[in-house]
Amino acid sequence: MVMNDKPIFDQFDDVARGYDSITFVRAPAKRVVEVANLSSGEVILDVACGTWWVSLPAAQATGPNGQLFAIDISPQMIARAQDKATATGIEHIEFSESDGGEPPFDEGQFDLILCGLALM
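So, how was this worked out
- Residues numbered from 1 in each chain as written.
- Predicted model: local features only at pLDDT ≥ 70, side-chain atom pairs only at ≥ 80, totals over all residues.
- Heavy atoms only, no water.
- Helix = DSSP H or I, 4+ residues; strand = E, 2+ residues; numbered from the N terminus.
- Contact = heavy atoms within 4.5 Å.
- Areas by Shrake-Rupley, 256 points an atom, 1.4 Å probe, with all protein chains shown as cover.
- Expected span 1.5 Å × (residues − 1).
- Buried < 20%, exposed > 50% of the residue type's maximum accessible area, 1.4 Å probe, protein only.
- Arc of directions from axis to C-beta.
- Pairing = 2+ DSSP bridges.
- Axes fitted to C-alpha atoms, helices over the stretch in contact; angles between N-to-C directions.

1. Focus on the overall build of the protein chain
Item 1. From N to C terminus, the protein chain includes 4 helices and 6 strands.
Item 2. Long-range pairs, those at least 24 residues apart, make up 74% of the contacts in the protein chain with a sequence separation of at least 6.
Item 3. For the protein chain, the exposed area adds up to about 6,900 Å²; of that, 51% sits on carbon and sulfur atoms.

2. Regarding helix α4 (residues 75-88)
Item 1. Over its 14 residues, α4 extends 20 Å from the first C-alpha to the last, a length consistent with the 20 Å expected when each residue adds 1.5 Å.
Item 2. Looking only at α4, the buried set comprises M77, I78, A81, K84 and A85. The buried residues of α4 occupy one face: seen down the axis, they fall within an arc of 125°. In α4, the exposed residues that point more than 90 degrees away from the buried face are D83, T86 and A87.
Item 3. Just past α4, the residue G89 takes up positive phi, approximately 80°.

3. Focus: unusual backbone geometry
Item 1. Of note, the phi angle at N37 is positive, near 50°, even though the residue is not glycine.
Item 2. Considering the arrangement of structural elements, one finds N37 in the loop between α2 (26-36) and β3 (43-47).

4. Observations regarding the sheet that holds strand β6 (residues 112-114)
Item 1. Spatially, the 4 strands line up as an open sheet ordered β5-β4-β3-β6, and their pairing is parallel. Among the strands making up the open sheet, the edge pair consists of β5 (93-97) and β6. Pairwise comparison of adjacent strand axes, ignoring direction, gives a mean angle of 20° for this sheet.
Item 2. Direction of pairing for strand β4 (residues 67-72) relative to β5: parallel, over a ladder of 5 bridges. For L68, the partnering residue across the bridge sits in β5 and is I93.
Item 3. Against the sheet, α4 engages β4 and β5, with an angle of about 165° to β5.

5. Some words on helix α3 (residues 55-62)
Item 1. Those residues of α3 lying buried are S55, A58, A59 and T62. Relative to the axis of α3, the buried residues are bounded by an arc of 100° and lie together on one face.
Item 2. Buried residues along α3 sit against α2, β3, β4, β5 and β6.
Item 3. Note on α3: the residue one or two positions beyond its end, G63, has a positive phi of about 70°.

Structural data, given as structure tokens:
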């Protein structure tokens, strides 16, 4: 996918450093997790995880017995999200660079799939 003559993933790499200063994404991300009503121990996929605005509360909701897989097309977004997970000590998240339109997972692998910030 290309926007403004530049691949979309390159554009997200460009904004990754300042992405966390975009405060209007916080409330919708939190609400996605509230509405999902996640339970401890669930296996969740977060599509277009960005710097982890949905991934963090989802990982907290599933607890250490759960597992969260978080994917994004931007390597820089993934790197920032991974740094945050490491800094907070949350270990049950696996981040990977992947296209949300064709995620590399088996059908039925997840209890729930979240996509909080890609469809604005």
